[in-house]
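Residue-level structure breakdown
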Amino acid sequence: MQNHIMGLFIISALWLVIIALLGYYLPKFYAKVFLLFCVIAHSFGASTWLSYQYSFWLAMLLIAFNSYIYIVCNKDFKHNVSKGN
């Protein structure tokens, strides 16, 4: 695996496509739960790697960034629901 990392990028790209499709096609409630799950899973997975490789504060910065992205997505979701989209 040290010399062949292309599979990691392929899996990551597929995961992004799956997230986008599920977020689009799931009912609104399940889409919100799925988005929260993705934020928590990404924050946990990336922060464990970041804190081991770099520093604790970089992991905290990532979690703050993920929280901000979640709030922006949730606000956009609520705005679209109120418009009837």
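Going by the structure above, here's the rest.
Residues numbered from 1 in each chain as written. Predicted model: local features only at pLDDT ≥ 70, side-chain atom pairs only at ≥ 80, totals over all residues. Heavy atoms only, no water.

1. Some remarks on a nonpolar patch on the surface
Worth spelling out the cut-off: To count toward a patch, a residue needs a relative accessible area over 30% and no salt bridge; like charges are then connected within 9 Å, while nonpolar side chains (Val, Leu, Ile, Met, Phe, Trp, Tyr) are connected within 5 Å. Note on areas: these come from Shrake-Rupley sampling with a 1.4 Å probe, and a residue is covered only by the protein chains present in the view. Whenever a carboxyl oxygen of Asp or Glu lies within 4 Å of a side-chain nitrogen of Lys or Arg, that contact is scored as a salt bridge. In DSSP terms, a helix is any run of H or I states spanning at least four residues, a strand is any run of E spanning at least two, and both are numbered starting from the N terminus. Partly exposed residues are those whose accessible area sits between 20% and 50% of the maximum for their type, while under 20% is buried and over 50% is exposed, using a 1.4 Å probe and protein chains only.
Taken together, M6, F9, I10, L14, W15, I18, L22 and F37 make up a surface patch of nonpolar side chains, about 820 Å² in accessible area. A per-element tally of the nonpolar patch places helix α1 (residues 6-25) first, with 7 residues. When you line up the elements, L22 lands in helix α1. The partly exposed category is assigned to L22, whose relative accessible area is 33%.

2. As for the packing of aromatic side chains
Rule in force here: Each pair of aromatic rings taken from Phe, Tyr and Trp, with Trp reduced to its six-membered ring, is defined by centres within 6.5 Å and is described as stacked if the planes are under 30 degrees apart, edge-to-face if over 60, and tilted in the remaining cases.
Tallied over the full model, the rule gives 5 aromatic pairs. On the numbers, 6.4 Å between centres and 65° between planes, the contact of W15 with F34 is edge-to-face. Taken together, the residues span a long stretch of sequence, with W15 in helix α1 and F34 in helix α2 (residues 28-53) at a distance of 19 residues. Taken together, the ring pairs in this structure connect W15, F34 and F37 into an aromatic cluster.

3. Observations concerning α2
Heads up, the rule is: What a helix should span is 1.5 Å times the count of its residues minus one.
The terminal C-alpha atoms of α2 lie 37 Å apart, and with 26 residues this matches the ideal 38 Å at 1.5 Å per residue to within 8%. Looking only at α2, the buried set comprises A31, F34, C38, V39, S43, A46, S47 and L50.

4. Focus on the side chain of N66
Basically, it comes down to this: Polar contact is the term for a pair of N or O atoms within 3.5 Å; when the atoms are in protein, one must be able to donate a hydrogen and the other to accept it, and sequence-neighboring residues count only if both atoms are side-chain atoms. Here, residues are in contact when the closest pair of their heavy atoms is within 4.5 Å.
By secondary structure assignment, the location of N66 is in helix α3 (residues 56-83). At a separation of 2.9 Å, a polar atom in the side chain of N66 contacts the side chain of H42. In this view, N66 contacts V39, H42 and S43; residues no more than four positions away in its chain are not counted.

5. Brief notes about the side chain of S43
Secondary-structure assignment places S43 in helix α2. S43 sits in the buried class, given a relative accessible area of 9%. One polar contact links S43 to N66, side chain to side chain, over a distance of 2.9 Å. Contact partners of S43, with chain neighbours within four places excluded, come to I63 and N66.

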